[in-house]
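The primary structure of each chain is shown beneath.
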Amino acid sequence: MRILLVYCHPCADSFTAAVRDTALSALSGRGHDVHLLDLYAEGFDPVMSADERRGYHTPGTNEEPVAGHLALLRWAEGLVFVHPTWWYGPPAMLKGWLDRVFVPHATFRMPERGKTTLGTLGHIRLIAVVSTLGSPRWWWWFMGMPGRRMLLTGIGALCGLRCKRLWLGLHGMDTVTADERRRFLARVSRVLGRV
């Protein structure tokens, strides 16, 4: 599979960077063609400008500011997101990437009165999210798991019913032990090594 791994963390020495490296190794070891998109390293601008917003609904015009990223999305058969969860969702950089890249006509058809929105990413066969979370699992569940729902349900809906969806989360990140971190990395390697 051609996999676009979208990585989002500002610190090169973070545990999330170790998660990224583990994911890359597992996916490549399985024989997938993996492209790493490191949003911070690239200097991606997550802010949608006023002109970009005004052209958001215009086919073609809305693709121009993010043409390279849309080309990667069209190339990919799988999307793997590696990021921390901050305030129950992805970092602003990743949310901005979703806002700017998942534009109408390129990734979904605009809804018509009485009809649902249809995704145009049927070629995507896998969405996987690997994240660290400061909150305990029970509290994140109580809050409604917004980050997970945004990516696996919201973006997943654009990819069709046959798209496989995976979530791997390490809760209590601020208090986990070194051994718990090692076990999580082993789990990431094992699960992504089977996709």
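Residues numbered from 1 in each chain as written. Predicted model: local features only at pLDDT ≥ 70, side-chain atom pairs only at ≥ 80, totals over all residues. Heavy atoms only, no water.

Turning to its location among the elements, His 32 is positioned in the loop between helix H1 (15-29) and strand E2 (33-38). Among the residues examined, His 32 registers a relative accessible area of 12% and is labelled buried. At 2.8 Å, the side chain of His 32 forms a polar contact with the backbone oxygen of Val 195. Residues in contact with His 32, not counting those within four places in the same chain, are Met 1, Ile 3, Leu 27 and Val 195. (Helix = DSSP H or I, 4+ residues; strand = E, 2+ residues; numbered from the N terminus. Buried < 20%, exposed > 50% of the residue type's maximum accessible area, 1.4 Å probe, protein only. Polar contact = N/O pair within 3.5 Å; in protein donor to acceptor, adjacent residues only side chain to side chain. Contact = heavy atoms within 4.5 Å.)

This model, assessed by the stated rule, comprises 6 aromatic pairs. With a centroid separation of 5.7 Å and an interplanar angle of 75°, the aromatic rings of Trp 97 and Phe 102 are classed as edge-to-face. A connected cluster of aromatic rings, assembled from ring pairs, spans Phe 81, Trp 97 and Phe 102. Looking at Arg 20, its charged tip hangs above the ring of Tyr 7, at a distance of 4.6 Å from the centre. Residue placement shows Arg 181 over the ring face of Phe 15; its charged tip is 5.3 Å from the ring centre. (Phe/Tyr/Trp six-rings, centres within 6.5 Å; stacked < 30°, edge-to-face > 60°. Lys NZ or Arg CZ within 6 Å of the ring centre and 35° of its normal.)

This paragraph deals with a nonpolar patch on the surface. Residues Trp 138, Trp 141, Phe 142 and Met 143 make up a contiguous nonpolar surface patch of about 550 Å² in total accessible area. Locating Met 143 in the fold gives a position in the loop between helix H6 (137-142) and helix H7 (146-157). (Patch = residues over 30% accessible without salt bridge, like charges linked within 9 Å, V, L, I, M, F, W, Y side chains within 5 Å. Areas by Shrake-Rupley, 256 points an atom, 1.4 Å probe, with all protein chains shown as cover. Salt bridge = Lys/Arg side-chain N within 4 Å of Asp/Glu carboxyl O.)

On to the pattern of salt bridges. The tally for this structure, following the rule as stated, stands at 9 salt bridges. A salt bridge links Asp 99 to Lys 95; the shortest N-O distance between them is 2.6 Å. Here Asp 99 pairs with Lys 95, and both are found in helix H5 (residues 92-101), just 4 residues apart, close to one helical turn.

For the structure on display, the rule yields 1 cavity of 30 Å³ or more. Counted as a void, the largest cavity has a volume near 30 Å³. Around the largest cavity, the lining residues are Met 48, Glu 52, Tyr 56, Asn 62, Arg 100 and Val 103. In terms of residue class, the lining of the largest cavity is made up of 3 nonpolar, 1 polar and 2 charged. (1 Å grid on protein atoms, 1.4 Å probe; cavity = no way out; pocket = protein on both sides within 12 Å on 5 of 7 lines; lining within 4 Å. Points joined across faces, edges and corners; volume = space filled by probe spheres on them. Nonpolar A, V, L, I, M, F, W, Y, C, P; charged D, E, K, R; others polar.)

Moving on, we come to helix H4 (residues 67-75). Taken residue by residue, H4 has His 69, Leu 70, Leu 72 and Leu 73 as its buried positions. Take H4 and look down its axis: the buried residues cluster within an arc of 155°, on one side only. On its buried face, H4 sits against strand E1 (2-7), E2, helix H2 (39-42), strand E3 (78-85) and H5. (Arc of directions from axis to C-beta.)

Once that is clear, we can look at the side chain of His 171. On the secondary structure map, His 171 appears in the loop between strand E7 (164-170) and helix H8 (178-192). At a separation of 3.1 Å, a polar atom in the side chain of His 171 contacts the main-chain carbonyl oxygen of Ser 135. A distance of 3.5 Å separates the side chain of His 171 from the backbone nitrogen of Arg 137, its partner in a polar contact. Setting aside residues up to four positions removed in sequence, His 171 forms contacts with Leu 133, Ser 135, Pro 136, Arg 137, Trp 140 and Val 176.

On the surface, Arg 30, Arg 137, Lys 164, Arg 187, Arg 190 and Arg 194 cluster together to form a positively charged patch. Turning to its location among the elements, Arg 190 is positioned in helix H8. (Lys, Arg positive; Asp, Glu negative; His and termini not counted. Charge placed at Lys NZ, Arg CZ, Asp CG, Glu CD.)

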